[in-house]
Amino acid sequence: MAITAGMVKELRELTGAGMMDCKKALTSTDGDMDKAVEFLREKGLATAQKKAGRIAAEGLVKVLVSEDGKKAVAVEVNAETDFVAKNENFQEYVAQVAEQAMDTKAADIEAFLAEPWKFDTSLTVKEQLAHKISTIGENMNIRRFAQISEENGFVASYTHMGGKIGVLVDVETDVVNDAVKEMAKNVAMQAAALKPLYTNESEVDQEYIEREKEILAVQARNEKPDANEKIISGMVMGRIKKELKEICLMDQVYVRAEDGKQSVGKYVEEVAKANGAKIAIKGFVRYETGEGIEKKEEDFAAEVAKQMGN
């Protein structure tokens, strides 16, 4: 299979590995992207394992919370350019999509698009989207939405970079005061900054952990070919533990910790104790605009091709 510059670019974005290492990995795996990622990780050449994939598309993430704080929604609406994303007309439309999503009973985007548009019920959500596309003059897409409800507490929200990132945090608590609300916002800001994939370790799929162990074991053997299995096992478990601390929100080091060591979970416990409260962070939603969507960067691909001599 011919290895193209675009494939090399995609693998670089997924792994952070060097250009020639990416080309070698793709050549060795006959162009299979997933196997190439594993190849680089086993060789210790990938700087990080990223689930998000390629980030490119423009648009806006909007979060909306009900007045009583019991219900919230996050939506992502994409456009082709950042110029349109900053357009007031587009931003007003995204706010309306968020209001629509707050009350929707739809389980997926297809059902959501088929609903009557609440601001003009003679149209469906999809038909209103088509109207906006023709008005604004750029292709647009309602990509995703997520609702959170919490009767025994509240939902905290945080928006970063004018809507590039939006976060909702589900907080179960028997005390709602300024200190608890501040804690919840800090946790939302943590999620925005450090990109956790899970709330806590119990959410992590066991198959994912087992697959990580296999990859890390190969990586460890490549690093220490003379080590016995006990040493390899210790290396693997140490790396798994480190990885879980990075991808699980409650296990991450709290970014504002004075000692640089306190976990988010310990920070929440500290606030709970100080306020005589029982607090549990039950979940979160983190949307980043364009997360996982490929965007054409033909000039960069051409540059890579030139360097590769293709």
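Relevant structure appears above.
Residues numbered from 1 in each chain as written. Predicted model: local features only at pLDDT ≥ 70, side-chain atom pairs only at ≥ 80, totals over all residues. Heavy atoms only, no water.

**Q** I'd like to hear about helix α8 (residues 178–194), residue by residue, with values.
**A** For α8, with 17 residues, the first-to-last C-alpha span of 24 Å sits near the 24 Å given by 1.5 Å per residue. Considered for burial, the residues of α8 that qualify are V180, M183, A184, N186, V187, A188, Q190, A191 and A192. Residues of α8 that are buried sit in contact with β6 (153–160), β7 (165–173), α11 (264–274) and β8 (279–288). The N-terminus of α8 is capped by N177, whose side-chain oxygen sits 3.1 Å from the backbone nitrogen of A179. K195 occupies a position one or two residues after α8 and carries a positive phi of about 50°. (Helix = DSSP H or I, 4+ residues; strand = E, 2+ residues; numbered from the N terminus. Expected span 1.5 Å × (residues − 1). Buried < 20%, exposed > 50% of the residue type's maximum accessible area, 1.4 Å probe, protein only. Contact = heavy atoms within 4.5 Å. Polar contact = N/O pair within 3.5 Å; in protein donor to acceptor, adjacent residues only side chain to side chain.)

**Q** Lay out the packing of aromatic side chains with the relevant residues and their values.
**A** On inspection of all chains with the given rule, the structure shows five aromatic pairs. Judged by centre distance (5.3 Å) and plane angle (55°), the rings of W117 and F119 are tilted. Judged by relative accessible area, W117 falls into the buried class, the value being 2%. With relative accessibility at 36%, the residue F119 sits in the partly exposed group. Pairing Y254 with Y267 gives two aromatic rings, centres 4.1 Å apart and planes at 10°, and the pair type is stacked. (Phe/Tyr/Trp six-rings, centres within 6.5 Å; stacked < 30°, edge-to-face > 60°.)

**Q** Tell me what's going on with the environment of V271, and back it up with residues and numbers.
**A** Here V271 lies in helix α11. Judged by its relative accessible area of 11%, V271 falls in the buried class. Once the C-alpha coordinates of V271 and A179 are considered, the two residues, 92 residues apart in sequence, prove to be 7.5 Å apart. In contact with V271, other than residues within four places in its own chain, are A179, V180 and M183.

**Q** Let's hear about the packing of helix α1 (residues 5–15) against helix α2 (residues 19–28): which residues, and what values?
**A** At their nearest, the axes of α1 and α2 sit 9 Å apart, and the two run at 110° to each other. By the criterion of interaxial angle, the relationship of α1 to α2 is roughly perpendicular. Crossing handedness for the pair α1 and α2: right-handed. Across the interface between the two elements, M7, V8, L11, R12 and T15 of α1 pack against M19, C22, K23, A25 and L26 of α2. Within the contact of α1 with α2, the residues separate by chemical class into seven nonpolar, one polar and two charged. (Axes fitted to C-alpha atoms, helices over the stretch in contact; angles between N-to-C directions. Parallel < 35°, antiparallel > 145°, perpendicular 65-115°, else oblique. Left-handed = near helix turned anticlockwise from the far one by under 90°. Nonpolar A, V, L, I, M, F, W, Y, C, P; charged D, E, K, R; others polar.)

**Q** Give a detailed account of the sheet that holds strand β5 (residues 140–149), specifying residues and quantitative values.
**A** Taken in spatial order, the three strands line up as β1-β2-β5 in an open sheet, and their pairing is antiparallel. Edge positions in the sheet fall to β1 (58–65) and β5, since each of these pairs with one other strand and no more. The average angle at which neighbouring strand axes cross in this sheet is 10°, direction not considered. Relative to strand β2 (residues 71–79), β1 runs antiparallel, the two being bridged by eight bridges. When the sheet's bridge partners are listed, V65 is paired in β2 with A72. (Pairing = 2+ DSSP bridges.)

**Q** Explain the sheet that holds β8 to me, and be specific about the residues and the numbers.
**A** Reading across from one edge, β6-β7-β8 is the order of the three strands in this open sheet, with antiparallel pairing throughout. In the strand order of this sheet, the two ends are held by β6 and β8, each with one partner. Taking the axes of each pair of neighbouring strands and ignoring which way they run, one obtains an average angle of 15° across the sheet. Against the sheet, α8 touches β6, β7 and β8, its axis set at about 45° to β6.

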